[in-house]
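A closer look at the structure
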Amino acid sequence: MRNICWHLFTSIGATLATANALAAGAAPDREVSLTIYNKNIALIEHVRPISSPAGRQRIEFAGVSAQIVPETVSFVAPNVVLIEQNFDYDLLTPAKLMEKAVGSQVRLVRVNPATGAETSETAEVLSTVGGVVLRIGTRIEVLREDNLPTRVIFDKVPENLRAQPTLSVLINASKPVNEVARLTYLSRGFTWAADYVAVFDEPKSTTSMQGWITLHNTSGTSFANARTQLVAGDVNLVASEEQWWTNWQQRRSTNQRSSGTEGSGREQLGDYYIYPIKQLTTVANNQTKQVSFLDAGAVKASKGYELTFYGFQSNTEPQSAEVRMRFANSKAGGMGEQLPSGVVRIYMRDARGQPQFVGEDHIGHTSAGSEMALKIGDAFDVTVQPTLVQTRRITKRKAEYDMSYLVRNARSTPSVVTLRQYGLWRENEVLKESISGRRIDSGAFAWDVPVPANDETTLTFTVTTSW
Amino acid sequence: MTVLAGAHAAQADPVEVISPQADGVSVTIYRDLFALITETRTVDLPEGPVTLSFDGVVETLLPESAVVTDLGRALEERNFDYDALSPNKLLLKSIGKSVTITRTMPGTGRVVQSRATIVAANSGGITLRTEQGNEALHCSGLPERLTFDELPADLHARPRLSIRLAAGKAGKRSIRLSYLAHGFAWKSDYVARLNPASTRMDLTGWITLQNYTQASFRGAQVQVVAGKLHLIDIDDGGTSLTGNSDNFSDESELTEAREEARQLLQTDLEPKGSALQLFGGCHALPEPAAPNQSHDESVERFDMVIVTGLRGSMRMSMDVKQNAMLVEREELGDYQLYRLPWATDLNARQTKQAVFLSKRVKIERYYSYVFNAQNVRNDGDDEDLETITPASMVSFENRKASGLGEPLPGGMMRMFDTADGDELFAGEARMSDKPVNVPVELDLAKALDLSLAIDVRRPDPEELRDAELSERADVELRAFNAKGVPVTLEIRQYAGAYMPGATIPKSSDRFRRKYGDFAWRLRVPANGTRVLTYRLEMPDVADDQ
């Protein structure tokens, strides 16, 4: 990989048909920086010294992302006027090589199948449509019509055929150039996400919380020693990449004016959170890379059981209570960080002390100070079975329901299950209840039902409902 | 490794340390097609910064789930490279490098070797620069082959997880690496043998483990977790191949989705033959260009998974070995964890079974029919209601007193009648997770030799109005038992939220409330008939003001 990506393709004798321009080279990157957004897009900046004689020159940049969005390329170098920029996709293949040889000479090396003797001839390629037609001296022949071994040797590879997609710029310089150029563009093939690992210690009511940035490079290109930062926020609010790019350019130029330094322009990307990776890092192609950004040892956390019912009905099967891990993303609770959106994987230790995976939940971009209640899973041993015990009709559109919720706890520890009942609007009244509940919103009540170890508790209440 | 030492490289390259294999491994299998693999490895770390690579990890590893502990020094970053070594990748990574081309001349068999540089290699073919000039590989009609000087450093025969560590104390350490990997599944199945009187059953619970991956684990500690984990779809950054677990309203939907995903995964991990091929394409047969395609996309299609093992076959044995060693159970958070008490080999594409439960349990066998007389309209020809077949049920209490009192992970329950030493399949039912103390009722089959006829009569509307009722149904239910033994029949009349104020003012038999419904228990004599009559009423009420 390093040879392709980081070797400079100084195409020798490259000339443009129209302009008397020489291909000049950019040296390897002095710096490369990646700004990776959540949604399959990254902003890449290469800083490279360039040198070329005065006049019209073509400069090629090897090692740019193979998934570059060519229309977003921006090339800036002092004392250099940009004339045009090209992104050549014309891949070098045997077929292309032959096509480009139409009208020019190639060498044929034939091998005698009986003796193995080689004979060499020069031929002119006349056509490559549906087969290769050659003129050899005064004869016209089709290549390998006789199926005999024939090697075709080309003196040179046309300079616009590339081993990989290549970016080049055509510049006009009034004097010899010896500058540092800055090349920026957007590229597809990059994603990142936050991944969290929480090891929940239920007896101690704490959890550890580690945060990892996982970034994935499928751009086809590796970037060595890159300054890398990740931007949290949804950048795909704008319809097209081009428009997003325009907006970004405007925002950047605003920043540059106010701050006066180029480097700091990045830190002010609107309201997005930026996570710089502290050291230079190599982002290899087809690699999943993870960098730690959060390591909190003992965050206060507790476990809770919850279950929500939306109607009044009897169930023949008990329903498992949801298990949630509750914690505060606060300084007081042991954390208090901006958490980029991602998946939290929760582990608990088994009887031998080995962490076992117990469930995962998604968190959105979370600011410090937020209260969290991550769903771990369903409790095997804590269940709720509803029964509509009795109904009484009051009017055509009003009835009284006696509900009973049998909460069973087969665990060896007491539990409290928060039971939420929807379908209780403002005009509905709770007439009787075995445990005192509370209204939690315009349509629901909640009861905290304590259940001793290996026991059960029945919550009963009577409500009026109308429809 | 993949760290490129450019002329401007700022940092000292870390020393690479390779950990070829795990010393010990623990595999915890979940129902949702993945497992948690926990490996212990011994590594000898030098003092300076280290790139530590773990070889021999499971190929389906979910890199973002990896956790490395007990390192004793700061972990700076971790990388997962799965650029598997394949002919295509070998070529791609050798672009620009010097190779040897060997040609065998026809006729004489003379072998000619020369050096060449790979100028380009892509789906359109391979272009070389030889001493004579530029030419295409495999286009001349001569037998040609390339010989590579070395393996590109970043191609691996097996997937590799590596971590970069800061400098620290030198020495041997025992570290722990854990990660989630797809391609594992487990299920629980039950076999119940009923005694001739159908008053008890010998219940055996089996755990069946399945490893669909090509990874083999020797002497592994194996656990399974019973319970429903909250999971996020893999496309949303989670672990689940079956989708977000909040999307499933009931267990049967989830079971179906798991089965579907399992089949997909199995196909995915299936051996795919030897379709590997080098890049093709010659100048004589021009191919249409695909300009926007990146190299790797075109290569990806050729990436193959090679599996060497054979797929094990799933057998449902009915015999419990005498003194069979049972799987141990413990609580894990709010789940049940079952541990194979011995170390075991879990081989590639293998199915393994173990007994986790063996109990003699008191049961009740009865028949059940649930209906709502309100839905029966009296139009004179209710043929449907003349031959109703109730369900054949088995119920038991999951308590110590009944001989059980163990958490029962959900699964298929297959029941067998024993009579005169013969075994007869009595039916099967899918059971959901059952905690202790929760009664279990299983619908095994449709009854044989037991049928019902139901007749519902209603008064005319005037009579109903005079009685201030919105509904009155006089139900006559006849049960016919053609069996040579008396049976118990449970009838349930629905009484839910849609029937506010429903009552049973008259009944031939005592009833109770069950699941909010009105329920009767009837004894139907052998080769006899039993009649139940009751009246269902719903009050009429005033309009709202």
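Just so it is clear, the structure is predicted and the values come from calculations on it, not from any experiment.

Of the regular secondary structure elements, chain B holds 4 helices and 33 strands. Across the 545 residues in chain B, those meeting the buried criterion constitute 39%. When contacts within chain B are restricted to residue pairs at least 6 apart in sequence, those whose partners lie at least 24 apart make up 74%.

This part takes up the overall build of chain A. From N to C terminus, chain A includes 3 helices and 29 strands. Taken over 467 residues, chain A has a buried fraction of 44%. By sequence separation, contacts in chain A at least 24 residues apart represent 71% of the contacts at least 6 residues apart.

All names here are of chain B. Strand direction decides the pairing type here: strand S7 (residues 98–104) and strand S8 (residues 111–122), joined by 7 bridges, are antiparallel. Counted as the bridge partner of Ser-98 is Thr-117 from S8. Once S7 ends, the chain turns through 6 residues before running back antiparallel as S8, passing Gly-107 with a positive phi of about 80°. Sheet topology note: the S7/strand S11 (residues 144–147) ladder contains 4 bridges and is antiparallel. Bridge pairing in S11 places Ile-101 opposite Leu-146.

Attention shifts here to the domain arrangement of chain B. According to the domain assignment, chain B contains domain 1 (15–27 + 38–84 + 155–182) and domain 2 (365–390 + 447–539). If you average the C-alpha positions of domain 1 of chain B and of domain 2 of chain B, the two centres end up 67 Å apart.

Residue and element names in this part refer to chain B. Pairing is mixed in the open sheet, where 6 strands are placed in the order S26-S23-S22-S29-S32-S31. Among the strands making up the open sheet, the edge pair consists of strand S26 (439–446) and strand S31 (512–514). Along the sheet, successive strands turn relative to each other by an average axial angle of 40°, direction set aside. Summarising the sheet, strand S23 (residues 391–397) and S26 pair through 7 bridges and their orientation is antiparallel. Considered in S26, the bridge of Val-394 is made with Leu-442.

Facing 115 residues of chain A, the contacting portion of chain B comprises 99 residues. Per-element tally for the side of chain A that touches chain B: the top contributor is strand S23 (residues 370–395) of chain A, with 17 residues. Looking at the side of chain A that touches chain B residue by residue, the class counts come to 50 nonpolar, 39 polar and 26 charged. Relative to strand S17 (residues 228–229) of chain B, S23(A) runs antiparallel, the two being bridged by 2 bridges. Directly across from A:Gly377, in S17(B), lies its bridge partner B:Leu229.

Turning our eyes to something else, we now look at unusual backbone geometry. Residue and element names in this part refer to chain A. Despite not being glycine, Asn-147 shows a phi value in the positive range, around 65°. Structurally, Asn-147 is set in the loop between strand S10 (139–142) and strand S11 (150–153). Residues other than glycine seldom take positive phi values, yet Asn-225 does so here, at roughly 45°. Mapped onto the elements, Asn-225 comes out in strand S16 (residues 223–232). Since 21 C-beta atoms lie within 10 Å of it, Asn-225 is described here as buried.

Moving on: the sheet that holds strand S24 (residues 411–419) of chain B. Residue and element names in this part refer to chain B. The strand order across the open sheet formed by 5 strands is S21-S15-S14-S24-S25, and the pairing between neighbours is mixed. Edge positions in the open sheet fall to strand S21 (350–362) and strand S25 (422–431), since each of these has one partner strand only. With direction set aside, neighbouring strand axes in the sheet form an average angle of 20°. The sheet contact formed by strand S14 (residues 184–194) and strand S15 (residues 200–211) spans 11 bridges and is antiparallel. Bridged to Trp-186 within S15 is Leu-209.

A low pLDDT means the predicted coordinates there should not be read in detail. Residue and element names in this part refer to chain B. For chain B, the average pLDDT comes to 83, and 84% of its residues sit at 70 or higher. In the predicted structure, residues 1–10 sits below a pLDDT of 50 and forms 27 contacts with residues beyond four places in sequence or in another chain. The model gives residues 273–277 a pLDDT under 50, and that stretch makes 6 contacts with residues more than four places away or in other chains. Scored as a whole, the predicted complex attains pTM 0.78, and scored at its interfaces, ipTM 0.79.

With that settled, the discussion passes to the pairing of S24(B). Residues and elements named next belong to chain B. Here 7 bridges tie S14 to S24, and the two strands are oriented parallel to one another. Its bridge partner lying in S24, Val-191 is registered against Arg-414. Hairpin connection from S24 to S25: 2 residues lie between these consecutive antiparallel strands, with Asp-420 at a positive phi of about 55°.

With that settled, the discussion passes to the confidence of the model for chain A. Residues and elements named next belong to chain A. On average, residues of chain A score 81 in pLDDT, and 85% of them are at 70 or above. This model gives residues 1–24 a pLDDT under 50, and the stretch forms 57 contacts once residues within four places in sequence are excluded. Note that residues 250–269 has pLDDT below 50 and, in this model, 13 contacts with residues that lie over four places away or in other chains.

All names here are of chain A. Among the secondary structure elements, Leu-183 is positioned in strand S13 (residues 177–188). A count of 24 C-beta atoms within 10 Å places Leu-183 in the buried class. Spatially, the C-alpha atom of Leu-183 lies 76 Å from that of Arg-393, the residues being 210 residues apart in sequence.

What follows covers the environment of A:Thr93. Residue and element names in this part refer to chain A. Mapped onto the secondary structure, Thr-93 falls in the loop between strand S6 (81–88) and helix H2 (94–100). In this structure Thr-93 comes out as buried when scored by C-beta crowding, with 26 C-beta atoms within 10 Å. Distance from Thr-93 to Gly-220, taken between C-alpha atoms, is 18 Å for residues 127 residues apart in sequence.

Residues and elements named next belong to chain B. Across its 19 residues, helix H2 (residues 251–269) extends 26 Å between first and last C-alpha, which sits within 8% of the 27 Å expected from 1.5 Å per residue. Here H2 has its buried residues at Leu-254, Leu-265 and Leu-269. Looking down the long axis of H2, one finds its buried residues gathered within 30° of arc, a one-sided arrangement. For H2, exposure combined with an orientation more than 90 degrees from the buried face picks out Ser-252, Glu-253, Glu-256, Gln-263 and Thr-267. At its buried positions, H2 is contacted by strand S13 (171–182).

This part takes up the environment of B:Lys97. Locating B:Lys97 in the fold gives a position in the loop between helix H1 (87–92) and S7. B:Lys97 gets classed as partly exposed once you count the C-beta atoms within 10 Å, which come to 16.

Calculation criteria
- Residues numbered from 1 in each chain as written.
- Chains lettered and ligands numbered in written order.
- Predicted model: local features only at pLDDT ≥ 70, side-chain atom pairs only at ≥ 80, totals over all residues.
- Helix = DSSP H or I, 4+ residues; strand = E, 2+ residues; numbered from the N terminus.
- Buried ≥ 20, exposed ≤ 12 C-beta atoms within 10 Å, placed from the backbone.
- Contact = placed C-beta atoms within 7 Å.
- Pairing = 2+ DSSP bridges.
- Domains from an automatic or database assignment.
- Axes fitted to C-alpha atoms, helices over the stretch in contact; angles between N-to-C directions.
- Nonpolar A, V, L, I, M, F, W, Y, C, P; charged D, E, K, R; others polar.
- pLDDT = per-residue confidence, 0-100.
- Expected span 1.5 Å × (residues − 1).
- Arc of directions from axis to C-beta.

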